[in-house]
Number of protein chains: 2
Amino acid sequence: MKIGIFGTGVVGQTIAGALEGKGHEVMIGTRDPAATQARAAEANARGKTFPDWHREHPAVKLGTFADAARFGEVVVNATSGNGALPALEGAGADALGEKILLDISNPLDFSKGFPPTLTVCNTDSLAEQLQRAYPRVRLVKTLNTTTAALMVNPAAIGGGDHTMFVAGNDAEAKAKVNGWLGEWFGWRDVIDLGDVSNARGLEMLLPLWVRLYGAQGSPMFNFKIVR
Amino acid sequence: MKIGIFGTGVVGQTIAGALEGKGHEVMIGTRDPAATQARAAEANARGKTFPDWHREHPAVKLGTFADAARFGEVVVNATSGNGALPALEGAGADALGEKILLDISNPLDFSKGFPPTLTVCNTDSLAEQLQRAYPRVRLVKTLNTTTAALMVNPAAIGGGDHTMFVAGNDAEAKAKVNGWLGEWFGWRDVIDLGDVSNARGLEMLLPLWVRLYGAQGSPMFNFKIVR
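Bear in mind that the values here come from a model prediction, so they are computed numbers and not experimental data.

*Asks:* Explanation requested: the pairing of strand E5 (residues 100-103) of chain B in the structure shown.
*Replies:* Residues and elements named next belong to chain B. With burial as the criterion, each face of E5 is covered, one bearing Ile100 and Leu102 and the other bearing Leu101 and Asp103. Relative to E5, strand E4 (residues 74-77) is paired through four bridges, and the arrangement is parallel. Residue Val75 lies in a different strand from E5, and its bridge partner there is Leu101. In the sheet, E5 pairs with strand E8 (residues 138-142) via four bridges, with the strands oriented parallel. In the strand pairing of E8, Asp103 is matched with Lys141.

This is the structure in structure tokens:
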């Protein structure tokens, strides 16, 4: 399957590497591919520079946001919260069309340090902002509630016995994403919360997530809905 | 042990009944005990009227907020979000003293229907508002992230293998509450998130909780932190 991914950070790298490993054709989109490729000296805060990572994954293509959106049968938004709307603007409504967009981004505001607050919450969400700006896109909020390493490998903790969520307006898109989460990464318990407004609850989980990260001293944990 | 409980609704009734059943002396506090006792015809939205419930639990005392605060070696705030500050004001700083206050309340705003939004979140929390108003009280935020029936009986689902949280400024108070959660109700996995500002993450879990309630069709679920 051809998959376009927005974002060259840890989440984009991790998703791209996992999908490439499963035999998918992957293109990562960025604002300025030449600048991204030249980023040799700037270490990513939590991972590898893109050029270092890319040398280990040469089959992954790099292009603009528009290139990646056109390339993908499905598109994954793995940008930061601040980067999400600019990424979709960079791609443009024509390239995005009516494609399914997995939105992993979280509206975190680190401008006042750690723990971050949210730039939008309670009566709106980043996912809703993106869906309103690009109403034809079939956005599915998912994977934003756990760390990158677990997004692509839930079996790394608790035998994979924990929970992922989807929220979005298009039932067919959510059903496809639910299937892909299982096929691509091994997610077995995926709860469909309902329409895109349910992304509020998923994004508002982040304030607890960052505090649990502090309390546990590790990001290798996830929420299981016991019922 | 003598325990004062603020709130005559489902949460207050459930906590009071469970503690009475364990042999504790319990007094429920309310704004106007005579009015509460006369509430024969008004059915509580989710449970029994207080007089109907009280006939089944005659050993539980009923008094004012101040009576319950003075009675309890420890105080439990089981009011609604809107009722929390008025309950503490009704009790008064003298009666509350430096007692440990388990705060279960959630700042839910149902004025625009279901699902509710939060009246405070992101950069503040109801627990912090209460702690600022009554700085001597040793507030511990806990039990607000699950339904009343599971607060007092986690074993009702998944063999009790799921998670409860505490947040508050006083380490000794949190250690005591952690012990009581086990002794009173059987909680085995209690995570200490840190100071009272961590109540933000716990209260911001509610928007996901109410949506999960809708998606599951039942409130009998809880979060487990798999790690």
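Next comes the rest of the write-up.
*Asks:* Would you mind showing me how to read the packing of helix H5 (residues 81-91) of chain A against helix H7 (residues 126-133) of chain A here?
*Replies:* Packed helix pairs are characterised by how far apart their axes lie and by the angle those axes make with each other. Residue and element names in this part refer to chain A. For the pair H5 and H7, the least separation of the axes is 11 Å and the interaxial angle reads 10°. With respect to their mutual orientation, H5 and H7 come out roughly parallel. Touching Gly81, Ala84, Leu85 and Leu88 of H5 are Leu126, Leu130 and Ala133, all from H7. Its residues assigned to classes, the contact of H5 with H7 shows six nonpolar, one polar and no charged.

*Asks:* Looking at this structure, how should I read the sheet that holds E4(B)?
*Replies:* Within a sheet, neighbouring strands are paired by backbone hydrogen bonds and run either parallel or antiparallel to one another. One open sheet holds the eight strands; their spatial order is E3-E2-E1-E4-E5-E8-E9-E10 (chain B), and the pairing between them is mixed. At either margin of the open sheet sits one strand with a lone partner, and together these are strand E3 (61-64) and strand E10 (189-194) of chain B. Across the sheet, the mean angle separating the axes of adjacent strands is 25° when strand polarity is ignored. With respect to the sheet, helix H11 (residues 206-216) of chain A is in contact with strand E9 (163-167) and E10 of chain B, its orientation differing from that of E10(B) by roughly 100°.

Cut-offs applied
Residues numbered from 1 in each chain as written. Chains lettered and ligands numbered in written order. Predicted model: local features only at pLDDT ≥ 70, side-chain atom pairs only at ≥ 80, totals over all residues. Heavy atoms only, no water. Buried < 20%, exposed > 50% of the residue type's maximum accessible area, 1.4 Å probe, protein only. Helix = DSSP H or I, 4+ residues; strand = E, 2+ residues; numbered from the N terminus. Pairing = 2+ DSSP bridges. Axes fitted to C-alpha atoms, helices over the stretch in contact; angles between N-to-C directions. Parallel < 35°, antiparallel > 145°, perpendicular 65-115°, else oblique. Contact = heavy atoms within 4.5 Å. Nonpolar A, V, L, I, M, F, W, Y, C, P; charged D, E, K, R; others polar.

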